[in-house]
Amino acid sequence: MAAKKRSKKKSRKAAAEKAAADSAPAAKPQGLVRLLEDDGSVAKGKDPGLTEETLLYLYEQMVQVREFDRRMLMLQRQGRIGFYGPILGQEAATVGSVAALEHRDWIFPALREGAAAMMRGLSLTEAINQLIGNGADRCKGRQMPCHYTVKEGNYYGMSSVIGTQISHATGAAMAAKIRGDDIVVLGYMGDGATSANDFHCGMNFAAVYKSPCIMFCQNNQWAISVPLSKQSASETLAQKGKAYGMPYVRVDGNDILAVYSVTKEAAARARQGDGPTFIEAVTYRRLGHSSSDDPSKYRDDAEVELWEQRDPVDRFRVYLEKKGLWDEDKEAAFKDDIAKRVNDAIAAAEKEAPPEDETLVTDVYARVTEQQKEQLAEVLALEGRGVNTGAFPL
Amino acid sequence: MTATNPQTGKGQAKTKVMTMLEAINDAMKVEMRNDDRVVVFGEDVGKKGGVFGTTMGLHEQFGDNRCFDTPLSECGILGAGVGMAVYGMRPVAEIQFLDFIYPGFDQIVSEAAKMRYRSGGEYTCPMVIRSPYGGGIRGGHYHSQSSEAYFCHTPGLKVVIPSTPADAKGLLISSIRDEDPVMFLEPKAIYRHAKDEVPVGEHTVELGKARIAREGTDVTVLCYGAMVPVCEKAADLAQEEHGRSVEIVDLRTLVPLDEHTILESVKKTGRVVVVYEAPKTGGFGGELSAIIAEKAIEYMEGPIVRVAGFDTPFPYSLEHLYMPDPKRVAAGIEKTFVW
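Nothing here was measured: the structure is a model prediction, and the numbers come from that model. (Residues numbered from 1 in each chain as written. Chains lettered and ligands numbered in written order. Predicted model: local features only at pLDDT ≥ 70, side-chain atom pairs only at ≥ 80, totals over all residues. Heavy atoms only, no water.)

## Overview of the overall build of chain A
To be explicit about the condition: Counting from the N terminus, the helices are DSSP H or I runs at least four residues long and the strands are E runs at least two residues long. Between the two quantities, the radius of gyration covers C-alpha atoms and the globule rule is 2.2 Å times the number of residues to the power 0.38. With a 1.4 Å probe rolled over the protein chains alone, any residue whose accessible area is under 20% of its type maximum counts as buried; one over 50% counts as exposed, and the rest are partly exposed. Here, residues are in contact when the closest pair of their heavy atoms is within 4.5 Å.
Looking only at helices and strands, chain A features 14 helices and seven strands. Rg of the C-alpha trace for chain A: 22 Å, near the compact-globule value of 21 Å for 394 residues, within the 12% margin. Its C-alpha atoms give chain A principal-axis dimensions of roughly 70 × 65 × 45 Å. Counting the 394 residues in chain A, one finds 54% classified as buried. Expressed as a percentage of contacts within chain A between residues at least 6 apart in sequence, the contacts between residues at least 24 apart total 75%.

## Focus: the domain arrangement of chain A
Let me state the cut-off plainly: An automatic or database domain assignment supplies the residue ranges for each domain.
Here chain A is described as being made up of domain 1 (13-350) and domain 2 (356-385). Using C-alpha coordinates to define each centre, domain 1 of chain A is positioned 38 Å away from domain 2 of chain A.

## Considerations on the sheet that holds strand 5 (residues 90-94) of chain B
All names here are of chain B. For clarity, the cut-off: Each pair of strands is called paired provided DSSP finds at least two bridges between the two strands. A fitted line through C-alpha atoms represents every axis, and for helices the fit uses only the stretch in contact; the resulting angles, taken between N-to-C directions, go from 0 to 180 degrees.
Taken together, the seven strands give an open sheet; going across it, the order is 4-3-5-6-8-7-13, and neighbouring strands pair in mixed fashion. For this open sheet the edge positions go to strand 4 (67-69) and strand 13 (253-255), each flanked by a neighbour on one side alone. Within this sheet the neighbouring strands show an average axis-to-axis angle of 20°, counted without direction. Two elements, strand 3 (residues 38-42) and strand 4, share three bridges in a ladder whose sense is parallel. If you follow Val 40 over to strand 4, its bridge partner there is Cys 67. Running over the sheet, helix 1 (residues 20-34) touches strand 3, strand 4, strand 5, strand 6 (128-133) and strand 8 (182-187) and is turned about 135° from strand 3.

## Here we look at the environment of Leu 36 of chain A
Residue and element names in this part refer to chain A. If you trace the backbone, Leu 36 turns up in the loop between helix 1 (2-23) and helix 2 (52-77). Sequence separation between Leu 36 and Pro 312 is 276 residues, and the spatial gap between their C-alpha atoms is 9.7 Å. Excluding its chain neighbours within four sequence positions, the residues that come into contact with Leu 36 are Ser 41, Val 42, Asp 255, Leu 257, Arg 315, Phe 316 and Tyr 319.

## With respect to the nonpolar core
Applicable threshold: The criterion is simple. A nonpolar core is a set of buried Ala, Val, Leu, Ile, Met, Phe, Trp, Tyr and Cys residues joined through side-chain atoms within 4.5 Å.
In terms of nonpolar packing, the biggest core is built from 85 residues, with Val 185 and Met 215 of chain A together with Met 84, Ile 101, Met 183 and Leu 251 of chain B touching the most fellow members. Residues contacting Val 185 of chain A, with those up to four places away along its chain left out, are Trp 106, Phe 108, Ala 169, Ala 172, Ala 173, Pro 212, Cys 213 and Ile 214 of chain A. With 70 residues, the next largest nonpolar core counts Leu 73, Ala 127, Leu 257 and Ile 279 of chain A among its residues.

## Points about the domain arrangement of chain B
Residue and element names in this part refer to chain B. Note the following rule: Once two parts are joined, some of their accessible surface, as seen by a 1.4 Å probe, is lost; buried area is that loss totalled over both. Within this document, salt bridges are pairs made up of a side-chain nitrogen of Lys or Arg and a carboxyl oxygen of Asp or Glu, the two lying within 4 Å of each other. Under this definition, polar contacts are N or O atom pairs within 3.5 Å; protein pairs additionally need one hydrogen-donor-capable and one acceptor-capable atom, and for neighbouring residues in sequence, both atoms have to be side-chain atoms. Gly is placed with the polar residues, together with every amino acid not listed as nonpolar (Ala, Val, Leu, Ile, Met, Phe, Trp, Tyr, Cys and Pro) or charged (Asp, Glu, Lys and Arg).
Taken as a whole, chain B is organised into domain 1 (12-199) and domain 2 (211-335). Between the C-alpha centres of domain 1 and domain 2 there is a distance of 26 Å. Of the roughly 2000 Å² buried between domain 1 and domain 2, counting both surfaces, carbon and sulfur atoms make up 59%. Looking at the side of domain 1 facing domain 2, the largest losses of area belong to Arg 138, Ile 161 and Ser 163, adding up to 23% of the total buried there. Connecting domain 1 to domain 2 are two salt bridges. A salt bridge links Asp 167 to Arg 252; the shortest N-O distance between them is 2.8 Å. Taken together, domain 1 and domain 2 are joined by twelve residue pairs in polar contact (both at pLDDT 80 or more). If you list the elements that add at least two residues to the side of domain 1 that touches domain 2, you get helix 6 (148-152), strand 7 (158-160) and helix 7 (165-177). Within the side of domain 1 that touches domain 2, the residues separate by chemical class into 13 nonpolar, eleven polar and four charged.

As structure tokens, this is what we get:
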């Protein structure tokens with residue numbers, strides 16, 4: 001019996017390895033843009049030749065968000081924040097694409113683009129204020145965690161609905177074009193969102209109006225527990241761009257140099273009036289969908305392990321080391337520095353008071369309505385209303 | 001022609017005789033000239049000028065960038081509109097019939113309505129969604145519905161429904177200038193119903209202010225949109241047949257609601273009929289009834305009566321039974337006296 005169980009487990013593992021290998025970027029058809037090899041080398045003549053400053057910036061952003069991610073998941077486990085959507089494994093796709101834009105360009109994020117918010121000016125303390133939902137939160141404690149907003153950095157405050165931001169990115173790009181502004185719009189989505197109606201509307205409108213945007217799909221292979229194979233029967237997600245009549249490209253999402261390069265090209269196309277590009281960045285969600293999810297229920301560890309070997313941060317560090325830009329001492333010092341900054345940010349954010357009661361009714365409209373004033377006054381007049389003891393029940 | 005400015009009650013504003021349809025068209029022209037952030041888009045709104053003609057001439061006058069046709073996708077129209085508004089434009093999106101708005105419903109209730117709140121005021125969505133609504137035009141299920149209640153139930157949206165050409169123009173200009181998303185629902189049954197004096201050029205009507213369409217002392221009728229002329233005829237019947245002096249309150253905007261005017265009228269008359277053409281159950285008239293019951297029950301001398309559509313899909317051949325008409329409203333008025 002035990003032997004049978006073991007062999008069943010073994011065959012499951014083999015199947016998972018095969019599935020993982022099939023989903024591996026190199027195994028897929030239609031080509032895949034890849035510059036950085038697993039050993040940190042770049043084929044001759046393929047190095048995009050970024051400045052030392054840019055290279056270090058990319059690395060530091062990835063390491064910072066990775067440490068932030070790790071600590072926030074811990075805070076969630078300790079009950080200090082209510083929910084968290086981890087980024088682990090997808091750092092290169094976000095950091096590389098945002099870095100390829102100008103600061104004035106707009107970003108319409110999905111759930112795992114926290115690094116983009118930070119690159120657009122969200123401080124670590126502000127990010128944690130949002131995760132706690134305290135009075136200093138830019139959203140005034142009104143949204144679940146990971147719904148950041150940074151107006152001055154043109155980083156848009158998203159909803160939790162999958163895919164709606166795709167048509168917003170299109171609309172903003174249409175507006176930029178109508179206004180004659182030199183602005184490119186970067187709209188993110190996950191692989192699951194390619195099934196949503198707004199994917200179709202947003203992609204179609206973007207192409208019809210030749211709007212200056214980049215539709216960037218972070219194909220992390222999983223939409224909560226549903227694998228890519230159940231999401232789409234397309235050979236690749238990238239090819240969906242063809243049906244809408246826009247250029248499309250499939251890139252190794254764990255290769256920050258490749259992500260940077262294809263996004264830069266797409267941005268140049270958009271800026272010179274040649275319309276949108278669809279980018280499929282093949283990456284992997286190494287943790288659960290959120291702090292509420294246990295992926296061991298639906299996928300095999302072997303698949304995860306395989307993707308751990310394709311880690312985007314390690315790969316890029318080796319590249320930097322080979323170039324002589326990074327070493328163990330720098331790594332240790334930088335990690336200490338980030339750990340300290342995250343600690344300080346947690347301490348600062350946890351000192352903030354909850355939002356004022358009045359913010360329950362402000363910002364619904366430009367002005368609070370008579371009805372809202374009356375509703376709030378009625379409740380505030382009551383004694384002993386207690387505190388928020390709600391917990392996300394998943 | 002000149003007439004008294006209906007807003008200020010003074011001045012001699014220049015006016016022109018127009019249908020509601022022409023007044024809506026005029027409002028968009030005025031605002032497109034005033035503000036180059038205003039863009040008008042939707043299905044068939046370009047060269048054709050809209051299936052009803054509300055956008056006639058806009059494409060010709062303002063060009064492709066300011067008035068354009070879209071792919072056949074309500075979800076896309078509204079989603080792109082949200083993106084434009086967030087970016088800083090003043091989009092005016094047309095949904096050809098309110099019955100077809102549901103593929104884009106998510107974009108209205110989850111996105112436009114919550115933009116300001118969810119971003120702590122960092123992002124806003126000053127978009128106008130224009131759409132013809134309502135029955136009485138032999139439109140069957142899918143060209144007749146009156147689904148304003150869905151939108152009134154979504155905080156963050158304003159809901160505006162004009163009943164006269166002058167109000168249609170003034171309310172639409174105010175809606176375009178508003179800082180928040182506005183559902184501007186146009187009573188298509190009376191698009192060409194009656195011509196009226198409409199102020200030329202600038203003309204605004206404040207959102208959130210009801211209009212006393214007719215003064216009376218015995219009973220209040222609350223109504224909006226295409227039901228206003230129906231209620232006016234019913235008031236004539238009630239006067240002729242039973243000598244009732246009927247006060248008609250045209251709500252003009254359902255959100256924000258002018259409770260003050262409603263309650264003042266109801267307290268004065270002690271009787272009220274609420275008229276709406278949507279299905280009776282869960283309609284906005286239920287909300288009006290509840291407000292009166294909560295805040296003015298001690299003034300009431302009879303039951304709060306609703307005259308509404310049926311709890312059925314909108315019918316085709318039997319729409320004359322479905323729609324509140326002067327006779328049904330007059331019967332409702334009598335119910336507040338004899339029960």
